[in-house]
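Coordinate inspection notes
Next come the chains, spelled out residue by residue.
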Amino acid sequence: MRTKNTPSPEGSESVLLPLATRVASRAALAVAMAAGLTLGAVAPAAADSPYERGPDPTTSSIEASSGPFDVDEDSVSSWSVSGFGGGTVYYPEDDGQTYGGVVIAPGYTESSSAMAWLGEYLASHGFVAFNIDTNTRYDQPDSRGRQIEAALDYLAEDSDVSDLVDPNRLAAMGHSMGGGGTLAAAEDRPELKAAIPLTPWHTDKTWGGVTVPTMIIGAENDTIAPNSSHSIPFYNSLSTSTERAYVELDGEGHLVTSSRNTELASNSVSWLKVFVDEDDRYEQFLCPAPSTGWGSPYSDYRDSCPYI
């Protein structure tokens, strides 16, 4: 079990500027000094997002089975928490900085282990990912949404890794009824930075109240939560003022989440990076939208590019 570290003071992290930026800044300073100008006459170089984590990404790096961070895990028993059923936290071993937190909820009858691969993958890219168990395996979407919220609170405030989690940069994900719960949690908590419902199922088809940036990932051959009656109506109901995307995986079914899928993983991490970490290095993997149809891993792809 991990022991909490004392968090560093807010703003104490150093933000390293790219080499080219630092060289340009020094050159500008030298010119200014040579001209006899004061230091204040030199405009400061623009800083990158302070939440950037990891090296510059490439298509190969986000499609690999793991990212640049080594990952550890912490088991959370159901008797030690309230409001949800425990689970497993995956987190980067580098504890010299804080990370965005994301809760991943399973689908109907599933346990947290159903998407353990996704939690480990996201942690390896610089997130604290919490794969949760629900109170019962038969809980309905709205109940799962409340449990996602309880788990987010626990992760950021009471978990053994809370010192690694930035409480202002949280996100929700979930499969099937957990995906429906993700929409419910996003509607209830507009302060969330991102939501990613995976082949979501819910009886409510309208989510115009969701303002959280939302990427819905569907599967072309889903017969349990058919796209025509679930994912697509969910996406279409989102406000046009909400950053959103709809990704439909070619040839896949409802249980595409049960084993590693490259496109599901790469789109998910890119969405979280852009909206949780404010890391525009990853927008290249989302905008412009990839092609669809023959030879593409996507049968449909819709978006609100460019993203802010």
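As the structure is a computational prediction, the values presented were derived from the model and not from experiment.

1. Concerning the overall build of the protein
- Looking only at helices and strands, the protein has seven helices and nine strands in total.
- Within the protein, residue pairs in contact and separated by at least 24 positions form 71% of the contacts whose partners lie at least 6 positions apart.
- When the accessible area of the protein is evaluated, it comes to approximately 13500 Å², of which 51% is carbon and sulfur surface.

2. So, helix α5 (residues 177-188)
- Between its first and last C-alpha, α5 extends 16 Å over 12 residues, near the 16 Å set by a 1.5 Å rise per residue.
- The buried fraction of α5 amounts to 10 of the 12 residues, a majority that puts the element mostly inside the structure.
- Turning to α5, its buried residues number three or more, namely Met177, Gly178, Gly179, Gly180, Gly181, Thr182, Leu183, Ala184, Ala185 and Ala186.
- Buried residues along α5 sit in contact with β3 (99-105), α4 (141-157), β5 (165-175), β6 (194-198), β7 (214-219) and α6 (231-237).

3. Structural notes on the nonpolar core
- Core analysis: the biggest nonpolar cluster contains 39 residues, and Phe84, Val89, Val128 and Phe130 have the highest contact counts within it.
- Breaking this core down by element, the ones donating at least two residues are β2 (87-92), β3, β4 (127-132), α4, β5, α5 and α6.
- Looking at this core element by element, the count peaks at seven residues for α4.
- Excluding anything up to four places from it in sequence, Val128 contacts Val89, Tyr90, Tyr91, Pro92, Tyr99, Gly100, Gly101, Val102, Leu155, Val161, Leu164 and Val165.
- By size, the runner-up hydrophobic cluster in this structure holds 37 residues, among which are Ile217, Ala219, Leu286 and Tyr298.

4. Digging into the pairing of β6
- Within β6, five of the five residues are buried, leaving the element largely enclosed by the surrounding structure.
- Along β6, one buried face is formed by Ala194, Ile196 and Leu198 and the opposite face, lined by Ala195 and Pro197, is buried too.
- As defined by bridge partners, β5 adjoins β6 across five bridges and the pair is classed as parallel. Bridging from a neighbouring strand, His175 pairs with Leu198 of β6.

5. Considering α4
- Taking 1.5 Å of rise per residue, the 17 residues of α4 would be expected to cover 24 Å, and the 24 Å separating its terminal C-alpha atoms lies within 8% of that figure.
- The buried count for α4 comes to 13 of 17 residues, which makes it a mostly enclosed element.

6. Quick notes on the packing of aromatic side chains
- A full pass over the atoms with the stated rule returns 11 aromatic pairs.
- Geometrically, the ring pair formed by Trp271 and Phe275 is tilted, given 4.6 Å between the ring centres and 50 degrees between the ring planes. A residue pair is termed a helical-turn pair when its members lie 3 or 4 positions apart in one helix, as Trp271 and Phe275 do in helix α7 (residues 262-275) at four residues.
- Measuring from centroid to centroid gives 6.0 Å for Tyr282 and Phe285, while their planes differ by 65 degrees, and the two rings are edge-to-face.
- Residue classification places Phe285 among the buried positions, given a relative accessible area of 17%.
- Members of the aromatic cluster, connected to one another through ring pairs, are Phe84, Phe130 and Tyr154.
- In this arrangement the basic side chain of Arg53 is found over the ring face of Tyr99, its NZ or CZ atom lying 5.9 Å from the centre.

7. A word on the pattern of salt bridges
- Applying the stated criterion across every chain yields a total of nine salt bridges.
- Asp153 is the partner of Arg189 in a salt bridge, and the nearest nitrogen-oxygen pair spans 2.8 Å. Of this pair, Arg189 sits in the loop between α5 and β6 while Asp153 is found in helix α4, placing the two residues 36 residues apart along the sequence.
- A cluster of three or more residues bridged by salt bridges with shared partners is formed by Glu52, Asp56, Asp279 and Arg281.

Parameters and conventions
- Residues numbered from 1 in each chain as written.
- Predicted model: local features only at pLDDT ≥ 70, side-chain atom pairs only at ≥ 80, totals over all residues.
- Heavy atoms only, no water.
- Helix = DSSP H or I, 4+ residues; strand = E, 2+ residues; numbered from the N terminus.
- Contact = heavy atoms within 4.5 Å.
- Areas by Shrake-Rupley, 256 points an atom, 1.4 Å probe, with all protein chains shown as cover.
- Expected span 1.5 Å × (residues − 1).
- Buried < 20%, exposed > 50% of the residue type's maximum accessible area, 1.4 Å probe, protein only.
- Core = buried A, V, L, I, M, F, W, Y, C linked by side-chain atoms within 4.5 Å.
- Pairing = 2+ DSSP bridges.
- Phe/Tyr/Trp six-rings, centres within 6.5 Å; stacked < 30°, edge-to-face > 60°.
- Lys NZ or Arg CZ within 6 Å of the ring centre and 35° of its normal.
- Salt bridge = Lys/Arg side-chain N within 4 Å of Asp/Glu carboxyl O.

Interpretation in functional terms is not warranted from these geometric data alone.
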